[in-house]
Amino acid sequence: MSQLDSILEFNKSFVESKEYEKYQTTKLPNKRMVIVTCMDTRLIELLPKAMNMKNGDVKILKVAGAVVSHPFGSVMRSILVAVYDLNADEICIVGHHDCGMSALDADSILHKIKDRGVTQARIDTLKYSGIDLEEWFQGFSSVEESVRHSVEMVENHPLLPKDVPVHGLVINPETGKLDVVINGYK
């Protein structure tokens with residue numbers, strides 16, 4: 001059985017037994033916060049528990065490394081939608097120790113891309129179109145610096161109201177301990 005078939009089989013039972021009822025809430029975050037964090041599998045349940053968040057409390061955006069890499073990319077757009085349309089009035093960027101993005105090597109990724117069948121010609125087309133894949137796939141050396149950079153990108157965005165605090169935290173993916181990098185109230 002494929003993973004999709006397994007998911008759909010489980011889902012049928014989930015819906016028929018009304019398991020969804022315990023997760024029902026509104027689309028507006030009860031704690032009026034949007035969190036940008038990493039897609040690391042260790043954080044799926046740990047991060048909300050470590051932050052005392054439950055279903056319906058916050059908007060959570062997951063992206064590799066918790067990096068806000070472009071001021072007009074989809075992550076920043078989602079933050080602004082959360083602020084203006086979904087009543088979020090605080091933002092929290094949460095990176096984590098032992099992040100895969102800290103060891104990310106652009107050359108290694110590009111090699112794997114080619115190994116999976118993407119041709120050099122296609123990569124060259126992107127290069128000649130002004131896309132710097134080496135920069136795009138570049139990781140970071142310090143999670144604290146990466147969080148600081150993302151916080152600065154968000155808090156200095158021309159469309160973000162100045163009264164919205166932007167916090168920066170780093171979580172330990174083993175223990176859930178949170179360390180403050182930037183307190184957005186100060």
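Residues numbered from 1 in each chain as written. Predicted model: local features only at pLDDT ≥ 70, side-chain atom pairs only at ≥ 80, totals over all residues. Heavy atoms only, no water.

> Pulling in residues and values, what's your account of the packing of aromatic side chains?
Under the counting rule described, the total for this entry stands at 3 aromatic pairs. Where Phe14 meets Tyr23, the ring centres are 6.4 Å apart and the plane angle is 25°; that geometry is what we call stacked. On the basis of relative accessibility, which here comes to 22%, the residue Phe14 falls in the partly exposed class. Here Tyr23 falls in the partly exposed class, since its relative accessible area comes to 43%. Ring-pair connections join several aromatic residues into one group, and the members of that group are Phe10, Phe14 and Tyr23. (Phe/Tyr/Trp six-rings, centres within 6.5 Å; stacked < 30°, edge-to-face > 60°. Buried < 20%, exposed > 50% of the residue type's maximum accessible area, 1.4 Å probe, protein only.)

> Please give an account of the pattern of salt bridges that cites residues and values.
If charged atoms from side chains of opposite charge come close, those side chains can pair. Scanning all chains against the criterion turns up 10 salt bridges. Between Arg42 and Glu174 there is a salt bridge, with the nearest N and O atoms lying 3.5 Å from each other. Here Glu174 lies in the loop between β4 (166-171) and β5 (178-182) and Arg42 lies in the loop between β1 (33-37) and α2 (43-50), a separation of 132 residues in the sequence. By relative accessible area, which is 27% here, Arg42 ends up partly exposed. We note a salt bridge from Arg148 to Glu145, for which the minimum N-O separation is 2.5 Å. A residue pair is termed a helical-turn pair when its members lie 3 or 4 positions apart in one helix, as Arg148 and Glu145 do in helix α7 (residues 143-155) at 3 residues. (Salt bridge = Lys/Arg side-chain N within 4 Å of Asp/Glu carboxyl O. Helix = DSSP H or I, 4+ residues; strand = E, 2+ residues; numbered from the N terminus.)

Without other data, these values stay purely geometric and don't point to any function.
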